[in-house]
Amino acid sequence: RVTDIIADISAASQEQSSGIEQVNVAITQMDEGTQQNAALVEEATAAARSMEQQAGQLVQTVSVFRVQDGSRTQPQAAAAHAGAQPGRGTRRLSVAPTADALA
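With respect to the overall build of the protein chain
Tallying secondary structure elements over the protein chain gives three helices and two strands in all. Secondary structure of the protein chain in N-to-C order comes out as α-β-α-β-α. Going through the 103 residues of the protein chain one by one, you find that 5% of them count as buried. Sequence separation of at least 24 residues holds for 50% of the intrachain contacts in the protein chain that already meet a minimum separation of 6. As displayed, the protein chain has an accessible area near 8600 Å², and 55% of this comes from carbon and sulfur atoms.

See below:
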């Protein structure tokens, strides 16, 4: 009788140990996934900053052109229209640079 109880305790202890090991493995995998996600967030942030800088440079580059009605483009207006679709309230740019751009 005592032997059966000790055997049951031993079996339960082994099952518990196995369960704890499985939990540890799962936690390790979740930690690795969290670290990978954090690295991806850092990469995405760096890419977004780079794109923001490039968009600013593009706005400045394009601002030397005149639109079809003869007015100069403004960096703020160009930035505001950057996400607009052509033909929906946006103006087309001519390919002729202003006199300032040629100087």
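There's more to say after this.
So, the side chain of Ser-63
Relative to the helices and strands, Ser-63 is located in the loop between helix 1 (2–62) and strand 1 (65–67). What makes Ser-63 buried here is its relative accessible area of 13%. In terms of polar contacts, Ser-63 uses its side chain to reach the backbone carbonyl oxygen of Gln-60, at 2.7 Å.

Topic: a nonpolar patch on the surface
The grouping of Val-23, Ile-27 and Met-30 at the surface amounts to a nonpolar patch, some 300 Å² of accessible area in total. Of note, Ile-27 is situated in helix 1.

Topic: the confidence of the model for the protein chain
Predicted coordinates in areas of low pLDDT are best not read in detail. Averaged over all residues, the pLDDT of the protein chain equals 80, while 66% of them reach at least 70. For the protein chain, per-element mean pLDDT is lowest for strand 2 (residues 93–97), which scores 51, and highest for helix 1, which scores 96. Across residues 84–90, where pLDDT falls below 50, the model places four contacts with residues more than four positions away in sequence or in other chains.

Rules of the game
The residue count restarts for each chain, going from 1 along the sequence in the order it is written. Reporting in this predicted model follows two pLDDT cut-offs: at least 70 for local features of residues, and 80 or more for side-chain atom pairs to be given and counted; totals over whole chains, interfaces and linings ignore these cut-offs and use all residues. The basis for the side-chain values is all heavy atoms of the structure; hydrogens and waters are excluded. Elements are defined by DSSP. Helices are runs of H or I of four residues or more, strands are runs of E of two residues or more, and each kind is numbered from the N terminus. The classification of residues rests on relative accessible area computed with a 1.4 Å probe and restricted to protein chains. Under 20% of the type maximum is buried, over 50% is exposed, and intermediate values are partly exposed. A contact between two residues is defined here by any heavy atoms of the two lying within 4.5 Å. Methods summary: accessible areas were calculated by the Shrake-Rupley approach with a probe of 1.4 Å, and residue burial reflects only the protein chains presented. Under the rule applied, a polar contact is a pair of N or O atoms within 3.5 Å (in protein, one hydrogen donor and one hydrogen acceptor; residues adjacent in sequence only if both atoms are side-chain atoms). Patch membership needs two things, relative accessible area over 30% and no salt bridge, and members are linked within 9 Å if like-charged or within 5 Å if nonpolar (Val, Leu, Ile, Met, Phe, Trp, Tyr). The working definition used for a salt bridge is a side-chain nitrogen of Lys or Arg within 4 Å of a carboxyl oxygen of Asp or Glu. By definition, pLDDT measures how confident the predictor is in each residue, and it falls between 0 and 100.

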